[in-house]
Structure formats: structure tokens, C-alpha cells
Amino acid sequence: MQPAAQPKSVQILSVSTIAFTVCFAVWTIFSIIGIRIGQELGLSETEFGLMVGTPILTGSLTRIALGIWADRYGGRVVFAATMLAAALATYLLTYAHTYPQMLLAGLGVGIAGGAFAVGVPYVSRFFPAERQGMALGIFGAGNVGAAVTKFLAPFVLIAYGWQTVAEVWAAALVIMAVIFWFTTEDDPVTVERRRSGVKAKSAWLELEPLKNVQVWRFSLYYFFVFGAFVALALWLPKYLINVYGLDIRTAGTIAAFFSVPASIFRAYGGHLSDVYGARRVLSWTFLVSVAATFVLSYPPTDYTVHSTHGPVTFHIEMGLVTFTVAVFILGFFMALGKAAVYKHIPVYYPNNVGAVGGLVGMIGGLGGFVLPIFFGLLLDLTGLWTSCFMALFLIVSGSLVWMTVSVRQMERSAASKELGELPPFPEMQGMPKPKRAARSSEAVLTDWRPEDAGFWAEKGRRIARRNLWISIPSLLLSFAIWQVWSVVVAKLPLVGFTFTTDQLFWLAALPGLSGATLRIFYSFMVPIFGGRLWTTLATWSLIIPALGIGYAVQNPDTPYVVLLILALLCGFGGGNFASSMANISFFFPKAEKGNALALNAGLGNLGVSVVQFVVPLAITAGMFGWLGGDPAMVKDAAGESAPLWLQNAGFFFVPFIALSAFAAWFGMNDIASAKASFSEQAVIFQRKHNWIMCWLYTGCFGSFIGYSAGFPLLTKILFPEVNVLQLAFLGPLVGALSRSGTGWLADKYGGARVTIAAFTLMTVGVAGVLWFIGIKDQPGAFVGFFGSFLLLFFATGVGNASTFQMIPAIMSKEMVRLMPNADAETRRQQGEREAAAITGFTSAIAAFGAFFIPKSYGSSIALTGGPDAALWAFLIFYVSCIALTWFVYARRGGLLYDVELARRASIRTSVAK
């Protein structure tokens with residue numbers, strides 16, 4: 001039920017909008033003071049982008065939690081508390097003096113950005129549905145706070161310094177929090193809840209709508225209309241100073257020509273959405289934005305036309321006036337688009353405005369964090385200031401295409417029955433319809449009962465094992481392609497590539513980032529497309545980066561951006577793990593699931609060891625003749641010239657990929673009962689154990705893959721006298737074998753207990769690494785360092801197997817609570833579907849370790865001179881995993897305590913017999 005307009009609704013809206021304006025002014029404070037801080041600290045473009053984006057990160061990530069709290073506890077109290085917390089953090093910013101301190105302080109300042117997710121549910125509850133678009137548009141116009149900062153902060157900065165800017169902005173937040181508290185009241189929903197004594201919904205139920213793809217589509221739209229707005233609000237002053245040679249006050253004033261329309265016209269966008277519909281407003285927003293970003297992305301260019309009168313040369317470049325007009329138009333339509341996106345939320349999700357609005361706002365805010373960093377990276381790579389608008393052109397084009405396709409699908413769906421009855425041609429009207437006989441396929445298993453002992457013994461085990469042994473080599477190749485850059489980067493300088501250490505770490509880390517991101521999507525693909533088809537397609541996809549690397553590394557003039565793209569494409573291999581594990585989990589009964597998953601993952605993980613053992617050998621021989629290209633002549637250990645076929649690092653795997661893909665298509669099966677849509681699987685986002693297992697599996701697999709990616713380069717930096725490529729494969733080999741060989745431990749003694757033991761060993765291993773790094777100049781230090789890493793790899797393998805054994809056990813027990821009235825078979829099938837989805841999703845989150853661990857090494861070395869800070873962070877993380885596993889699962893009263901106690905009792909009984 002939508003509330004009628006309250007008597008004080010206009011006052012509530014006005015005060016809330018002013019409060020959000022102040023919050024937004026604080027949230028974007030680094031757009032001005034960051035320029036002076038960057039000059040004082042001598043920051044690169046990428047470092048500057050990270051610093052100005054750090055507050056945006058916090059403001060984005062806190063939006064879901066703040067939105068849920070606003071729904072549960074009322075927006076008034078949460079809004080006031082948010083402003084006070086942000087004020088304290090902004091004041092403490094004045095005590096920061098180093099770059100790491102600035103980043104830490106920026107995280108606190110970012111709390112101010114979370115206020116938007118509080119204000120949306122709070123303000124919307126004072127207005128009926130037909131006026132909510134206008135109301136939220138007015139509230140969102142508080143984005144003009146970015147322009148306030150650009151107008152006023154430069155004058156305060158020049159007169160008194162950037163520290164005074166922070167102090168004044170913090171004081172403004174405190175004053176605004178007090179005014180807000182005494183001039184507003186609790187929203188009608190909260191008042192009614194308190195009066196009736198009804199408790200607010202669980203936070204997990206608040207997240208239920210997030211399983212809808214529509215919510216994520218809205219999030220992409222907001223990533224552009226709001227995330228790009230925040231990014232440009234932060235980036236434009238620096239852009240104008242460097243491109244047009246303006247001073248900081250003039251640059252701030254002209255940048256406001258973008259921020260002001262992108263803020264105040266949001267209210268008009270809300271009005272247009274109420275009158276003409278949000279979809280139409282979004283369409284115009286994207287169409288105009290595509291044109292504007294295309295024009296803005298065009299770099300200064302000289303043309304020479306060869307006419308009959310000789311060459312005619314002319315120059316094309318956007319002047320300052322034209323640029324100002326273009327960004328004004330872009331900002332105006334972004335404002336309309338922001339209001340149109342949020343018009344949808346209270347209409348489609350009236351009972352979950354906080355959660356849905358928080359997610360959409362979070363994704364949009366993340367754009368404000370990611371894009372400035374990306375802008376800086378593009379500038380460093382291309383040297384083109386207009387590259388930021390090129391990136392925005394691609395984003396808005398993608399949004400327009402997705403929206404158009406989605407609308408067309410909805411229209412076709414609405415008219416599908418009528419269209420389906422029409423013949424292909426008018427002449428066929430009235431003719432009898434052909435009858436189609438359904439064809440059965442041996443590849444699809446319509447009867448699959450792995451828990452039935454008779455069925456399993458008769459044919460189930462044979463089919464399951466065939467699918468497992470075909471899956472393993474495909475997964476092994478996937479890991480090999482995913483981690484091939486860990487070997488290639490160490491050889492690039494030898495063949496003529498001149499990259500910095502930080503650039504090499506980026507190449508080693510990016511496959512981890514893309515692979516982890518792809519896993520999020522791959523984890524849901526098997527129930528949608530079937531394991532046989534998806535495994536085949538996923539295996540064929542590995543051909544692309546394998547061939548690309550083979551051709552790219554032959555020419556030292558290959559642009560760095562091309563190598564970055566190839567590194568991202570290697571993420572195809574990382575994504576395959578999620579779908580492979582989800583697929584195999586459907587084939588085996590609970591009693592054998594842990595060992596089967598351990599074999600699939602453990603032997604698949606051997607791909608990391610294989611690539612680090614085979615590639616150093618393959619690149620020393622011209623195994624492909626003239627097809628493989630010419631070698632590069634490099635100096636060997638004796639100082640003599642020797643040929644090196646670095647291209648074989650990619651070419652070597654091509655024939656094996658083709659064989660594995662054919663084997664998957666002709667030898668694997670689909671399970672009919674394992675089919676499920678994305679929305680059916682997305683129920684896992686409501687399960688708290690999904691998120692807990694993400695944390696634990698990140699500690700296990702995230703460590704394994706991250707150490708695998710970063711170990712060769714880290715060792716080369718710390719112990720340059722050691723030929724690390726001769727030894728690097730041993731770590732992943734130990735981790736893979738321990739995973740495949742210890743799955744039975746979790747099946748026998750319980751996954752939670754084994755997981756605690758694994759994390760304890762990992763803590764000891766990190767402590768050993770830290771110790772031997774401290775004495776790295778002493779004899780035997782490398783032996784201790786390498787031995788500690790081998791212990792780490794062994795422990796990660798044990799933990800990988802035990803955590804995956806825990807997932808089906810957890811969901812099997814949870815189904816009894818979640819589906820008390822269902823029969824055992826229904827609970828089993830639902831538990832397997834959710835366990836498979838959780839298995840894939842946790843592997844997706846954990847795979848980010850392949851990015852963060854190498855990048856943490858690089859950042860720690862750049863900031864402190866050594867990797868010690870990163871390793872201390874890893875150690876603290878492992879301690880948290882031990883505590884979490886014990887408290888939730890292993891202690892008396894924990895979820896798995898009774899299950900594992902019964903298992904231990906049965907073991908003792910069998911031993912006694």
C-alpha cells in the first residue's frame with residue numbers, strides 16, 4: 001500500500017535534499033583537494049585515480065547495508081548517524097600525510113556517499129506512487145553537491161590549504177545532521193510498525209528481489225548515468241587543467257557546467273518519468289549520450305588529403321567552448337536518466353526499496369570508483385586524454401543494446417501466442433500444421449538417482465566416472481591457460497619487451513580478475529545450458545587466448561594494451577572451474593561427492609603446475625616448425641645466445657584443447673533433472689551460508705591460485721640469483737595433489753574439522769614466509785622461504801577439498817529446515833541445485849585471489865619496499881577463517897557438529913568391529 005502525501009512531506013523532502021547535497025559535497029571532496037594532494041605526494045595518473053575513487057568505493061559498498069537498515073530501523077535515525085560518521089572521518093583526513101594514510105582516510109570519507117541509499121526509501125514513503133518519481137528526482141538533485149565543492153573548495157584551498165577544506169566540510173555535515181534530526185520525523189511505515197509491534201523482515205529476505213536479472217539491468221544503467229557522472233565530476237578538473245591549460249579555479253568552475261545540470265535537472269527527469277514513462281526517458285538518455293560521448297572521445301587529429309592541387313592538411317580538435325557545451329548536454333541527459341532508473345524501483349519493488357535501491361546505487365557508485373582508476377590506466381597506456389570518453393561510449397552503447405533487446409523480448413513474449421499461430425507465409429494460411437516427433441537423446445539422462453544404491457551400482461557409477469574423467473583434462477587445460485601469464489611475464493624482458501615491474505604484475509594479475517568475474521556467470525550456466533554443451537563451448541573458448549598469446553609475444557612492439565586484453569581473455573580458463581565443479585556435483589551421491597569434487601578440482605588444479613613445468617621446456621624447442629614462427633635470440637645462463645620460442649607458451653596447448661573439446665561433446669552427458677533457470681538458482685543469494693563459504697573458500701582456493709600466480713615473480717624479485725621457473729611448478733603441484741588426495745579426509749572425519757586444521761597450517765606457513773623474508777640475505781633463507789610456501793600450497797589443497805565437502809552437507813541439513821513439508825526426494829534435488837550453485841559462486845568469489853594476491857605484492861612493494869604488509873594481511877585473514885569455521889560449523893551447537901559427530905561415531909564403530 002502506497003502512503004498518501006503527508007502534511008510535512010514537502011518539508012521532509014526539502015531537508016532531506018539539502019542533507020544529501022551536503023553529503024555529496026563531502027563525498028566528492030577529493031575532486032579538488034586531491035589535485036593538491038597529488039602534487040604534494042607526486043602521484044601518477046593511476047595513483048591519483050585510485051585516491052579520488054577510494055571514497056566512492058566505500059560510499060558504494062555501504063549502500064546495500066544502509067538501504068536495508070533504513071527499511072528496518074527507519075531512514076531518519078540512519079541518515080543522521082551516517083552524516084555524523086562521515087563528519088568524523090572527514091575531520092580525521094587532516095591527520096593523513098602519506099599515500100596509504102590518504103587511501104585509508106578516503107575510505108572513511110566515503111561513508112557520506114551511502115546517504116543516498118538511506119534517503120530513497122525514507123523520502124519515497126512520504127509520497128504516493130504517482131508522485132514518487134518527482135520526489136526522488138528532487139532528492140537525487142542533491143548530486144549538485146559535487147558542483148558546490150567545485151565552486152567553493154578551490155577558493156578555500158588556495159586561501160587556507162586543503163586541510164581547512166576538510167575541516168569546513170566536516171563541520172557542515174555535523175550542523176546538517178543536527179538540523180535534519182530536529183526538522184524531520186520518522187516515516188509512516190516505521191511509525192506504523194512501531195505502533196503495531198510488527199518486527200521488520202529479516203535482512204536476508206530484504207535481499208530476495210536481487211535474484212531478478214531486471215535489478216542487475218537497472219544497475220548497469222545506473223553504472224553509466226550515475227557512476228560515470230561521479231567519475232567525470234572527479235576527473236574533469238584534472239582533464240581541463242591538462243588539456244586546456246586552465247588554473248584550478250577556472251577548471252572547477254567549467255567542470256560545474258557538467259555537475260550542475262547532471263544534478264539539478266534530475267528533478268525534471270523525475271517529472272518526465274511520471275508523465276511520459278521511465279523507459280522513454282532512458283531511451284533518449286542513452287541515444288543522446290552515445291552521440292555526446294562519441295564526439296567527446298575524438299582526439300585531436302591532423303588529416304592530409306591528396307587532391308589534384310597537392311596535399312591539403314587540416315586539423316580537427318574540440319575547443320573549450322564546444323567541450324563545455326557537449327559536457328553540459330551529457331550532464332543534462334544523465335540527470336534525466338538517473339531519475340528514470342529510480343522511478344522503477346518503488347513501483348516494481350515497493351516492499352524492498354532499500355535493498356534494491358541500495359544495490360542499484362552500489363553498482364552505480366562502484367562506477368564512480370572504478371572509472372577514475374580506469375581513466376588513469378587508459379591515459380597511462382594510450383597517452384590520450386579523450387580515452388575516458390571512449391570508455392564511456394562503449395558502456396552507454398552496451399546499456400542501450402541491452403535495454404533494446406530486453407524490451408523487444410518482453411514485447412515478443414507478450415504477443416508470442418498470437419505470433420506463434422501465424423504461418424511463415426500468408427499463402428500457408430489454413431494448411432495443416434506439421435507434426436513433430438520428439439527425438440530421444442542418449443546424451444540426456446532423464447532418469448538419474450545417484451542416492452539409489454541399486455541404480456548407482458548398476459549404471460550410475462560408470463556414467464558418473466566417465467563424465468568425471470572427461471571433465472578433468474578440460475579443467476586442467478583451463479587452469480593452464482588461466483595461469484600461463486605467470487610464466488610468460490618472467491620471460492617478456494628477455495625477448496625485448498620493456499615493461500615496468502608494476503606493469504608485469506598487472507599482466508600476471510588480470511587473468512585472475514577476469515577469471516573470477518566470469519566465474520560468477522559460469523556458476524549458473526550448467527543448469528541453464530546443460531553440462532555437456534557448456535563444457536564443450538567453455539573448452540573451445542580457450543583457443544582464443546592460446547593463439548593470441550602465441551602471435552602477440554613474437555613482436556616486442558606489440559602494444560601493452562593488447563597484452564592486457566589477452567591477459568583478460570585468459571580468464572576464460574578461470575571461469576571454467578565454476579561450471580565444471582557445478583556439473584560434476586550433480587553426478588555423485590553425497591557419500592562420494594567430496595572425493596569426486598576433490599579429484600576434479602585437484603587434478604584440474606594440476607594445470608597450474610603443468611603450465612609452470614611444461615612451458616619453460618616448450619619454449620626452448622621449435623616444435624611447430626615454420627608454422628610456429630621464428631625464435632628470439634636471448635642470452636642463456638652462460639652468456640651465450642640461444643633461441644627462445646616464447647610463442648609456444650600459447651601454441652603448445654592448442655591441439656590438446658581441440659581434443660578435449662571433442663571428448664566433452666561426444667562423451668559427456670546432461671542430467672534432465674539438473675535443469676534450472678537463473679532465477680531458480682539465484683535463491684542462494686538469500687542463504688547466509690553461501691556468503692560464509694565464499695569467505696572460507698577465498699582463504700583456501702583464493703590463496704592457492706593467488707600464490708600460484710604471484711610466486712614466480714615474487715621469488716625473482718626477492719631472490720634474483722635463483723632460477724625460479726625450474727621450481728615454481730612444485731608449489732601448485734603440491735597443492736593440486738593434496739587437494740585430490742585428501743578429499744577422503746573430509747568425507748571421513750568432517751569438512752569443518754579438516755578446514756580448521758588447514759587454516760592453522762596456512763597461518764604457520766605465512767609466519768614462516770615472513771620469517772625467512774626477514775633473513776633473506778642469510779644462507780639457507782631461500783630454502784626456508786620455499787619450504788614455507790610448499791606448506792602453504794599443501795594446506796590450501798587440503799582446505800579446498802574440505803570446504804567443498806562442507807557445502808552439500810550444509811545445504812542437505814538446511815533443506816530440512818527450509819522445506820519441512822517437502823518429501824525427501826524434493827529436498828534432495830533442491831539441495832543439490834543450491835549446493836551446485838553455491839559451489840560455483842564461491843569459486844567465483846575465491847578466484848579474485850588470483851588478482852588480489854599478486855596485486856597486493858605489487859602494491860606492498862611499491863608502498864613499503866617489501867611484500868611483508870601483504871603477508872601480514874593474509875595471516876590475519878586466515879585467523880578470521882579459523883574463528884568463523886569453528887563458531888558457525890564445528891563447535892558444539894554448530895550446524896555441522898551433529899553431522900560430523902555421527903560420522904566420527906560410525907568410524908569408531910567400524911574400527912571396533
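Residues numbered from 1 in each chain as written. Predicted model: local features only at pLDDT ≥ 70, side-chain atom pairs only at ≥ 80, totals over all residues. Heavy atoms only, no water.

## A look at the overall build of the protein
So, step 1. Within the protein, the secondary structure is distributed over 41 helices and six strands.
So, step 2. Taken across its 913 residues, the protein has 58% of its residues classed as buried.
So, step 3. In the protein, of all internal contacts separated by at least 6 residues, the share reaching a separation of at least 24 is 85%.
So, step 4. Carbon and sulfur atoms make up 67% of the accessible area of the protein, which amounts to about 36,900 Å² in all. (Helix = DSSP H or I, 4+ residues; strand = E, 2+ residues; numbered from the N terminus. Buried < 20%, exposed > 50% of the residue type's maximum accessible area, 1.4 Å probe, protein only. Contact = heavy atoms within 4.5 Å. Areas by Shrake-Rupley, 256 points an atom, 1.4 Å probe, with all protein chains shown as cover.)

## Focus on the nonpolar core
So, step 1. Trp485, Leu492, Leu507, Tyr707, Phe785, Phe789 and Tyr889 are the most contacted members of the largest nonpolar core, which has 133 residues in total.
So, step 2. Of all the elements, helix α37 (residues 781–818) adds the most residues to this core, at 15 residues.
So, step 3. Those residues in contact with tyrosine 889, other than ones at most four positions away along the chain, are His689, Ile692, Met693, Leu696, Ala752, Met806, Ile810, Leu884, Gly894, Leu895, Leu896 and Tyr897.
So, step 4. If you look at the next biggest cluster of nonpolar residues, it comprises 126 residues, including Val15, Val109, Ala340 and Val360. (Core = buried A, V, L, I, M, F, W, Y, C linked by side-chain atoms within 4.5 Å.)

## Some details on the state of the cysteines
So, step 1. A full pass over the atoms with the stated rule returns zero disulfides.
So, step 2. Its sulfur unpaired, cysteine 700 is 7.0 Å from the next cysteine sulfur, which belongs to cysteine 881.
So, step 3. Under the relative-accessibility criterion, cysteine 700 is labelled buried at 0%.
So, step 4. The buried category is assigned to cysteine 881, whose relative accessible area is 0%. (Disulfide = S-S within 2.5 Å.)

## Comments concerning the packing of helix α8 (residues 145–160) against helix α9 (residues 162–183)
Each pair of packed helices gets described by two things: the angle between the helix axes and the distance between those axes.
So, step 1. Relative orientation of the contacting elements α8 and α9 amounts to 130°, with a least axis distance of 7 Å. In terms of orientation, α8 and α9 fall into the oblique class. When you trace α8 past α9, the crossing you get is right-handed. Contact residues: α8 offers Thr149, Leu152, Ala153, Val156, Leu157 and Tyr160, while α9 offers Trp162, Thr164, Val165 and Trp169.
So, step 2. The residue makeup of the contact of α8 with α9, split by class, is eight nonpolar, two polar and no charged. (Axes fitted to C-alpha atoms, helices over the stretch in contact; angles between N-to-C directions. Parallel < 35°, antiparallel > 145°, perpendicular 65-115°, else oblique. Left-handed = near helix turned anticlockwise from the far one by under 90°. Nonpolar A, V, L, I, M, F, W, Y, C, P; charged D, E, K, R; others polar.)

## With respect to helix α26 (residues 543–552)
So, step 1. Burial within α26 is extensive, with seven of its 10 residues counted as buried.
So, step 2. Along α26, the residues classified as buried are Ile543, Pro545, Ala546, Gly548, Ile549, Gly550 and Ala552.

## Digging into the packing of helix α36 (residues 751–774) against helix α40 (residues 868–890)
So, step 1. In contact at an axis separation of 9 Å, α36 and α40 are set at 165° when each is read in the N-to-C sense. It follows that α36 is roughly antiparallel to α40 by the angle criterion. When you trace α36 past α40, the crossing you get is left-handed. Residues Ala752, Thr755, Ile756, Phe759, Thr760, Met762, Thr763, Val766, Ala767, Val769, Leu770 and Ile773 of α36 form the contact with α40, whose own contacting residues are Asp868, Leu871, Trp872, Leu875, Tyr878, Val879, Cys881, Ile882, Thr885, Trp886, Tyr889 and Ala890.
So, step 2. The residue inventory of the contact of α36 with α40, partitioned by class, reads 19 nonpolar, four polar and one charged.

## Some words on the pattern of salt bridges
So, step 1. Tallied over the full model, the rule gives five salt bridges.
So, step 2. Salt-bridge contacts for aspartate 186 lead to arginine 76; the nearest nitrogen and oxygen are separated by 4.0 Å. You can see aspartate 186 sitting in the loop between α9 and α10 (188–196) and its partner arginine 76 sitting in helix α4 (residues 75–92), a full 110 residues away along the chain. Of the two residues, aspartate 186 and arginine 76, neither departs from the other in class, the shared state being buried. (Salt bridge = Lys/Arg side-chain N within 4 Å of Asp/Glu carboxyl O.)

## With respect to helix α21 (residues 453–482)
So, step 1. Taken as a whole, α21 carries its principal kink of about 60° at glycine 460.
So, step 2. The N-cap residue of α21 is aspartate 452: its side-chain oxygen and the backbone nitrogen of glycine 454 are 3.0 Å apart. (Bend = angle between axes of the 7 residues up to and from the residue. Polar contact = N/O pair within 3.5 Å; in protein donor to acceptor, adjacent residues only side chain to side chain.)

## Observations concerning the environment of serine 541
So, step 1. Position of serine 541 relative to the elements: it lies in the loop between α25 (531–540) and α26.
So, step 2. Under the relative-accessibility criterion, serine 541 is labelled buried at 14%.
So, step 3. Serine 541 sits 28 residues away from leucine 569 along the chain, and the two C-alpha atoms are 9.2 Å apart.

## Remarks on the side chain of asparagine 467
So, step 1. Along the chain, asparagine 467 turns up in helix α21.
So, step 2. Here the side chain of asparagine 467 touches isoleucine 463 through a polar contact of 2.9 Å, landing on its backbone oxygen.
So, step 3. In this structure asparagine 467 touches Ile584, Phe587, Met668 and Asn669, once residues within four positions along its chain are discounted.

## What to know about the packing of aromatic side chains
So, step 1. In the structure shown here, the tally under the stated rule is 35 aromatic pairs.
So, step 2. Where tyrosine 707 meets phenylalanine 789, the ring centres are 5.5 Å apart and the plane angle is 80°; that geometry is what we call edge-to-face. In this pair, tyrosine 707 is assigned in helix α33 (residues 688–718) and phenylalanine 789 in helix α37, connecting sequence segments 82 residues apart.
So, step 3. On the basis of relative accessible area, phenylalanine 789 is assigned to the buried category, the value being 1%.
So, step 4. Ring pairs connect the aromatic residues Phe704, Tyr707, Phe719, Phe782, Phe785, Phe786, Phe789, Phe793 and Phe874, which therefore count as one cluster. (Phe/Tyr/Trp six-rings, centres within 6.5 Å; stacked < 30°, edge-to-face > 60°.)

## Observations regarding the environment of threonine 535
So, step 1. With respect to the helices, strands and loops of the structure, threonine 535 is situated in helix α25.
So, step 2. Counting along the chain gives 128 residues from threonine 535 to alanine 663, while the straight-line C-alpha distance between them is 10.0 Å.
So, step 3. Here threonine 535 is in contact with Ser474, Asn583, Ala664 and Met668, once residues within four sequence places are set aside.

## Some thoughts on the confidence of the model for the protein
So, step 1. Per-residue confidence for the protein gives a mean pLDDT of 78; residues scoring 70 or more make up 83%.
So, step 2. The low-confidence segment residues 1–5 (pLDDT under 50) makes 17 contacts with residues lying over four places distant or belonging to another chain.
So, step 3. The low-confidence segment residues 202–207 (pLDDT under 50) makes 19 contacts with residues lying over four places distant or belonging to another chain. (pLDDT = per-residue confidence, 0-100.)

## Topic: the environment of alanine 255
So, step 1. Within the secondary structure layout, alanine 255 lies in helix α13 (residues 248–259).
So, step 2. Linking alanine 255 and leucine 232, residues 23 residues apart in sequence, is a C-alpha distance of 8.7 Å.

## Side note on a nonpolar patch on the surface
So, step 1. Together, Trp69, Tyr73, Val77, Leu84, Val174, Val178, Trp181 and Phe182 make up an exposed nonpolar region whose accessible area comes to about 790 Å².
So, step 2. Elements with a contribution of two residues or more to the nonpolar patch: α3 (45–73), α4 and α9.
So, step 3. Here the nonpolar patch takes four residues from α9, the largest share from any one element.
So, step 4. Its relative accessible area of 44% is what places tyrosine 73 among the partly exposed residues. (Patch = residues over 30% accessible without salt bridge, like charges linked within 9 Å, V, L, I, M, F, W, Y side chains within 5 Å.)

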